[in-house]
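# Geometric and topological summary
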Amino acid sequence: MEFIDRVLTCNDCGAEFIFTAGEQLFFYDKQFKNDPKHCKQCKAKRVRGGPRVRSETRTTCSECASETTVPFKPTQGRPVLCRSCFQKQGAKPTPAGQPPPEGAPEPTPDRS
Ligand SMILES: [Zn+2]
Ligand SMILES: [Zn+2]
């Protein structure tokens, strides 16, 4: 199998970049089926901005009214708690990206 340098176009900025024979060999080795879609600059940008981007939603704690972020989309009418209130409630942390299941413990009203 022989590889020659190829000129590809970046999907992001439209710049042309070289998909070198060496890189093609690497791709072939890893059995990557698709050509790279981004130039080096855009790839670097993506890597740098990558891990920081998380789908957290800004919301207000229904217990103490302080601003907080949750790893899921809060449902209308459902109480959303900040981390400290959540821990005070003694609730088990929900797996990221999953709303609490139906019938999850609601804040218990004081019964006196
Ligand atoms: Zn680019
Ligand atoms: Zn709170």
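Residue numbers here run from 1 along each chain, matching the order of that chain's written sequence. Just so you know, chain letters begin at A and ligand numbers begin at 1, following the order they were written in. The model is predicted, so local features are restricted to residues of pLDDT at least 70 and side-chain atom pairs to those at 80 or more, both for listing and for counting; the totals for chains, interfaces and linings are taken over all residues.

### Observations regarding the overall build of the chain
- When helices and strands are tallied, the chain shows three helices and four strands.
- Where helices and strands are cited, they refer to DSSP runs of H or I of at least four residues and of E of at least two residues respectively, numbered from the N terminus. In sequence order, the chain lays out its α and β elements as β-β-α-α-β-β-α.
- Three classes are used. A residue is buried when 20 or more other C-beta atoms lie within 10 Å of its own, exposed when 12 or fewer do, and partly exposed in between, with C-beta atoms placed from the backbone. Residues classed as buried in the chain amount to 5% of the 112 residues present.

### What about the pairing of strand E4 (residues 67-70)?
- Residues Thr68 and Val70 line the buried face of E4, whereas the alternating positions Glu67 and Thr69 sit on a face that is not buried.
- Note on pairing: DSSP must find at least two bridges between two strands before they are called paired. Where strand E3 (residues 57-60) and E4 come together, four bridges link them in antiparallel fashion. Note that in E4 the partner of Thr57 across the bridge is Val70.
- Joining the antiparallel neighbours E3 and E4 is a turn of six residues, in which Ala65 adopts a positive phi near 65°.

### A look at unusual backbone geometry
- At Gln31, a position not held by glycine, the phi torsion is positive, near 60°.
- Relative to the assigned elements, Gln31 resides in the loop between helix H1 (21-30) and helix H2 (40-49).
- The residue Ala65 is not glycine, and still its phi comes out positive at about 65°.
- Inspection of the secondary structure assignment puts Ala65 in the loop between E3 and E4.

### Overview of H1
- Of all 10 residues in H1, zero are buried, a share of ten percent or less.
- Gln31, located one to two residues past H1, shows a positive phi value of around 60°.

### Description of the confidence of the model for the chain
- On average, residues of the chain score 82 in pLDDT, and 77% of them are at 70 or above.
- Every residue gets a pLDDT, meaning the predictor's confidence in that residue, from 0 to 100. The lowest-confidence element of the chain is H2, averaging 81 in pLDDT; the highest-confidence one is strand E1 (residues 6-9), averaging 97.

### Re the environment of Lys73
- Mapped onto the elements of the fold, Lys73 is located in the loop between E4 and helix H3 (83-88).
- It is 7.9 Å that separates the C-alpha atoms of Lys73 and Glu56, two residues lying 17 residues apart in sequence.

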